[in-house]
Amino acid sequence: MNFIIHVRDGLELRRRVEADAEVVFQVIDKNRYYLKQWLPWLDDTKTVEDIRKYIQNDIVEFEKKEGCDFGIWYEGQWIGGIGLSSFGTKDRKTSIGYWLAEDFQGKGIMTDCVRTLVNYSFEQLNINRIVIRCAVENSKSRAITQRLGFKEEGVLRQSEWLYDHFVDLVIYSLLREEWSQKK
Ligand SMILES: CC(C)(COP(=O)(O)OP(=O)(O)OC[C@H]1O[C@@H](n2cnc3c(N)ncnc32)[C@H](O)[C@@H]1OP(=O)(O)O)[C@@H](O)C(=O)NCCC(=O)NCCS
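Residues numbered from 1 in each chain as written. Predicted model: local features only at pLDDT ≥ 70, side-chain atom pairs only at ≥ 80, totals over all residues. Heavy atoms only, no water.

1. Topic: helix H3 (residues 48-63)
We apply this condition: Helix and strand labels come from DSSP, where a helix needs a run of H or I of at least four residues and a strand needs a run of E of at least two; each type is numbered from the N terminus. For a helix, the expected span equals 1.5 Å multiplied by the number of residues minus one. For each residue, the accessible area found with a 1.4 Å probe, counting protein chains only, is set against the maximum for its type, and the residue is called buried under 20%, exposed over 50%, and partly exposed in between. Note: the arc covers the axis-to-C-beta directions of the helix. In what follows, residue pairs with any heavy atoms lying within 4.5 Å of each other are defined as contacts.
Taking 1.5 Å of rise per residue, 16 residues should cover 22 Å, and H3 covers 23 Å from first to last C-alpha, within 8% of that figure. Listed as buried for H3 are Val48, Ile51, Ile55, Asp58 and Phe62. Mapping the buried residues of H3 onto a view down its axis gives an arc of 75 degrees, with all of them on the same face. In this structure, the buried residues of H3 make contact with strand E2 (11-15), helix H1 (21-30) and strand E3 (67-74).

Next comes the structure, spelled out in structure tokens:
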């Protein structure tokens with residue numbers, strides 16, 4: 001399915017389609033070194049074909065409610081990604097992951113995108129609990145969860161393998177009732 005979620009003027013989330021593969025690859029390739037600091041999947045995206053397969057897989061996962069990825073479009077440019085993990089279980093929970101091209105940091109773009117996807121998850125997908133996991137030292141990502149009122153639950157020790165070392169992840173969550181109260 002192909003749909004668009006409006007974030008603010010000039011900023012929207014669009015479900016990825018196969019035709020995006022080339023531009024997605026160019027942005028990832030340009031930002032590869034910077035993204036590798038915190039994301040584990042860069043070595044799986046070495047060609048446009050890798051991205052195309054990833055998008056095809058996401059379309060299948062979406063149909064099964066096992067995931068949902070969006071491209072972030074800012075003033076007509078593709079500048080990053082944001083997505084939900086499984087969102088269709090009886091527990092009504094999901095998690096959010098995201099990344100932005102290096103040149104577009106520092107403008108509040110991701111905070112607005114995460115806020116929008118949180119709203120969408122609670123209001124359109126009937127989610128009850130949203131989780132974000134960040135490496136303990138990833139202060140920029142942790143700041144997003146804090147701006148949006150996620151609660152810190154604890155540290156998952158050595159929870160992610162990043163190429164040549166393990167990192168500890170802080171787990172944050174936000175409940176539907178907390179979000180409604182905030183609004
Ligand atoms: C994590 C990541 C998305 C954070 O990007 P970011 O630009 O810091 O986040 P935002 O787009 O929300 O912008 C926040 C910044 O814009 C500033 N800002 C400007 N206007 C703003 C606004 N209206 N609202 C919020 N922040 C605003 C904030 O002060 C902050 O800057 P600071 O860090 O200098 O204080 C980015 O660093 C990234 O993609 N990193 C690599 C991948 C990664 O780590 N992904 C997350 C894995 S858990």
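2. As for the environment of Gly83
Looking at the element boundaries, Gly83 is found in strand E4 (residues 77-85). Classification of Gly83 as buried rests on a relative accessible area of 8%. In this structure the C-alpha to C-alpha distance between Gly83 and Glu123, which are 40 residues apart in sequence, comes to 16 Å. Discounting chain neighbours no more than four positions away, the residues touching Gly83 are Cys68, Asp69, Ser95, Ile96, Gly97 and Leu117.

3. Notes on unusual backbone geometry
Of note in this structure, Gln158 is not a glycine but carries a positive phi near 45 degrees. In this structure, Gln158 sits in strand E7 (residues 151-162). Given a relative accessible area of 54%, Gln158 falls into the exposed group. With phi around 65 degrees, Tyr163 is a residue other than glycine that occupies positive phi space. Tracing the chain through its elements places Tyr163 in the loop between E7 and strand E8 (165-175).

4. A closer look at the packing of H1 against H3
We count it as follows: Angles here are taken between N-to-C directions and fall from 0 to 180 degrees, while the axes themselves are lines fitted to C-alpha atoms, restricted in helices to the stretch in contact. By definition in this entry, angles of less than 35 degrees are roughly parallel, angles greater than 145 are roughly antiparallel, angles of 65 to 115 are roughly perpendicular, and the rest are oblique. In this scheme the crossing of two helices becomes right-handed for a clockwise turn of the near helix relative to the far one and left-handed for an anticlockwise turn of less than a right angle. Residue polarity follows a fixed list, in which Ala, Val, Leu, Ile, Met, Phe, Trp, Tyr, Cys and Pro are nonpolar, Asp, Glu, Lys and Arg are charged, and the others, Gly among them, are polar.
One way to put it is that H1 packs onto H3 with a least axis distance of 9 Å and a crossing angle of 120 degrees. Between H1 and H3, the interaxial angle falls into the category oblique. Once H1 is placed against H3, the crossing between them reads as right-handed. Where H1 approaches H3, its residues Ala21, Glu22, Val24, Phe25 and Ile28 are matched on the opposing element by Val48, Ile51, Arg52 and Ile55. Taken together, the residues of the contact of H1 with H3 break down into 7 nonpolar, no polar and 2 charged.

5. Some thoughts on the site of the ligand
Heads up, the condition is: By convention in these notes, a residue is near a molecule or strand provided one of its non-hydrogen atoms lies within 4 Å of it. Side-chain atoms alone can form a polar contact between residues adjacent in sequence; in general such a contact is a pair of N or O atoms within 3.5 Å, and within protein one must be able to donate a hydrogen while the other accepts it. For the area figures, the Shrake-Rupley method with a 1.4 Å probe applies, and any residue is considered shielded solely by the protein chains shown.
The local shell around the ligand holds 21 residues, among which Gln105, Gly106, Met110, Thr111 and Asn138 are the closest. Side-chain polar atom of Thr111 to an oxygen atom of the ligand: 2.5 Å apart, as the coordinates give it. At 2.8 Å, a side-chain N or O of Asn138 approaches an oxygen atom of the ligand. When the ligand is considered free in solution it has 930 Å² of accessible area, and contact with the protein chains removes 71% of it. Among the elements of the structure, helix H2 (32-36), strand E5 (93-100), helix H4 (109-124), strand E6 (129-135) and helix H5 (139-147) are those that each provide at least two residues to the shell around the ligand. Considered class by class, the residues forming the shell around the ligand number 11 nonpolar, 6 polar and 4 charged.

6. Re the pattern of salt bridges
Oppositely charged side chains may form a pair once their charged atoms are brought near each other. Selection rule: Criterion for a salt bridge: a side-chain nitrogen of Lys or Arg within 4 Å of a carboxyl oxygen of Asp or Glu.
Tallied over the full model, the rule gives 12 salt bridges. Residue Arg115 is joined to Asp112 by a salt bridge in which the shortest nitrogen-to-oxygen separation is 2.6 Å. One end of the pair, Arg115, and the other, Asp112, are both in helix H4, 3 residues apart, so they sit about a helical turn from each other. For Arg115, a relative accessible area of 34% corresponds to the partly exposed category. Through salt bridges that share partners, Arg8, Asp112 and Arg115 make up one connected network.

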